[in-house]
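# Chains, contacts and geometry: an overview
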Amino acid sequence: TADFKGRFLFVSSADVYGALNKDQLPAHETTVPRPLNPYAVSKVAAETLCGYWQRAEGMDVVIARPFNHIGPGQSTRFAISDFARTIAAIRLGKAGKQLEVGDLDVTRDFTDVRDVVRAYRLLVEHGTAGEVYNVCSGQAIAVQALAESLGPAARDVPKEAAAQVHQQLKNH
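A quick note: this is a predicted structure, and the numbers were derived from the prediction, not measured. (Residues numbered from 1 in each chain as written. Predicted model: local features only at pLDDT ≥ 70, side-chain atom pairs only at ≥ 80, totals over all residues. Heavy atoms only, no water.)

## Describing the packing of aromatic side chains
Note the cut-off: We call Phe, Tyr and Trp rings a pair once their centres come within 6.5 Å, taking the six-membered ring for Trp, and we label the pair stacked below 30 degrees between planes, edge-to-face above 60, and tilted otherwise. To qualify as a helix, a DSSP run of H or I must reach at least 4 residues; to qualify as a strand, a run of E must reach at least 2; elements of each kind are numbered from the N terminus. Whether a residue is buried, partly exposed or exposed follows from its accessible area with a 1.4 Å probe, protein chains only, as a fraction of its type maximum: under 20%, in between, or over 50%, in that order.
Evaluated as defined, the whole model comprises 2 aromatic pairs. Ring geometry for Tyr-17 and Phe-67: centres 6.3 Å apart, planes at 35°, overall tilted. Taken as a pair, Tyr-17 in the loop between strand 1 (7–11) and helix 1 (38–57) and Phe-67 in the loop between strand 2 (60–66) and strand 3 (68–70) lie far apart in primary sequence, 50 residues in all. Grouping residues by exposure puts Tyr-17 and Phe-67 together as buried.

## Things to note about the layout of surface pockets
Here is the rule: The definitions used throughout rest on a 1 Å grid laid over the protein atoms alone, on which a cavity is an enclosed set of points accommodating a 1.4 Å probe that cannot get out and a pocket is an open set flanked by protein within 12 Å on both sides along at least five of seven lines; lining residues are those having an atom within 4 Å of a point. Grid points are joined across faces, edges and corners, and a volume is the space filled by probe spheres set on the points.
In this model, the largest pocket occupies a volume close to 1,100 Å³. For the largest pocket, the lining is made up of 36 residues, of which Phe-67, Asn-68, Thr-107, Arg-108 and Asp-109 are closest to its centre. Every element with two or more residues in the lining of the largest pocket is listed here: strand 3, helix 2 (79–91) and strand 4 (107–112).

## What about the nonpolar core?
Here is the rule we go by: Here, nonpolar core refers to any group of buried Ala, Val, Leu, Ile, Met, Phe, Trp, Tyr and Cys residues whose side-chain atoms link them within 4.5 Å. We call two residues in contact when some of their heavy atoms are within 4.5 Å.
Ile-70, Ile-80, Phe-83, Leu-104, Phe-110, Val-143, Leu-146 and Ala-147 form the largest nonpolar core, which has 8 residues in total. Per-element accounting of this core gives the leading share, 3 residues, to helix 4 (residues 143–155). Those residues within four positions of Leu-146 in sequence are excluded, and the remaining contacts are Ile-70, Ile-80, Phe-110 and Ile-141.

## What to know about the sheet that holds strand 5 (residues 132–135)
So the rule is basically this: Two strands pair under a simple rule: DSSP has to find at least two bridges between them. The convention used is that axes are lines fitted to C-alpha atoms, helices contributing only their stretch in contact, and that angles between N-to-C directions extend from 0 to 180 degrees.
As summarised here, the arrangement of the 3 strands in space is 1-2-5, forming an open sheet in which the pairing is parallel. Every interior strand has two partners, whereas the edge strands, strand 1 and strand 5, have only one. Across the sheet, the axes of successive neighbouring strands diverge by a mean angle of 25°, strand direction being ignored. Pairing of strand 2 with strand 5 involves 4 bridges; the strand directions are parallel.

## Quick look at the sheet that holds strand 4
Read from one edge to the other, the open sheet built from 3 strands follows the order 3-4-6, with strand pairing classed as mixed. Pairing within the sheet leaves two strands with one partner each, and these edge strands are strand 3 and strand 6 (140–142). With direction set aside, neighbouring strand axes in the sheet form an average angle of 60°. Pairing between strand 3 and strand 4: 3 bridges, direction parallel. Looking at the pairing, Asn-68 lines up with Phe-110 of strand 4. Relative to strand 4, helix 3 (residues 113–126) is tilted by about 70°, and along the sheet it contacts strand 3 and strand 4.

## Quick notes on unusual backbone geometry
A cis amide bond, omega -5°, links Leu-25 with the succeeding residue Pro-26. With respect to the secondary-structure elements, Pro-26 resides in the loop between strand 1 and helix 1.

## Some details on the environment of Gln-24
Selection criterion: What qualifies as a polar contact is a pair of N or O atoms within 3.5 Å, subject to a donor-acceptor requirement within protein and to the restriction that residues adjacent in sequence count only when both atoms come from side chains.
Looking at the secondary structure, you find Gln-24 in the loop between strand 1 and helix 1. The exposure class assigned to Gln-24 is partly exposed, which follows from its relative accessible area of 32%. At 2.6 Å, the side chain of Gln-24 and the backbone nitrogen of Asn-21 are in polar contact.

## Notes on the confidence of the model for the protein chain
To keep it simple, the criterion reads: Residue-level confidence of the predictor is summarised by pLDDT, bounded by 0 at the bottom and 100 at the top.
With 85% of its residues at a pLDDT of 70 or more, the protein chain shows a mean pLDDT of 85. Within the protein chain, no element has a lower average pLDDT than helix 5 (residues 159–170), which sits at 57, and none a higher one than strand 5, at 98.

## Looking at the pattern of salt bridges
To be explicit about the condition: Salt bridge criterion: a side-chain nitrogen from Lys or Arg within 4 Å of a carboxyl oxygen from Asp or Glu.
Counted according to the given criterion, the structure contains 6 salt bridges. The closest approach of N and O atoms between Arg-65 and Glu-47, which form a salt bridge, is 2.6 Å. In this pair, Arg-65 sits in strand 2 while Glu-47 sits in helix 1, placing the two residues 18 residues apart along the sequence. By relative accessible area, Arg-65 is classed as buried at 4%. Looking at Glu-47, the relative accessible area reads 9%, which means it is buried.

Structure (structure tokens):
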């Protein structure tokens, strides 16, 4: 690290906050991390290492904690992308008429991936060294609301465009 002279943006995760009660929402940068899985624990450990580099070696480190992001190119391992792929397939007659879903009552803070990338660039350009920044919309939305919004949108999409979306999502 001694030879590195630039700004280091560490992309952590909002998963470090763990399960918060309604009275603890929204999560703020000062909310104490309480990770509930190995992935989140690894992010807290890496944030701690970044803090060490900042304090002990004077490294210019900024930490981003992104919440859920969605958008073009996202893998169908994620719910919203899978919903979009399935709806496109239904529109093309390549799938049944039913969308398989899990718990739709859960709420998440979703941000378009292009906005997340813009936030990262702004943090590199203007963030304060040693600070943590939540990257989010600030609005919780039910997965059900997003799933329902995809249905009417799909009806307005020409079949050629639906085929293109279906193919792109199938490849991810």
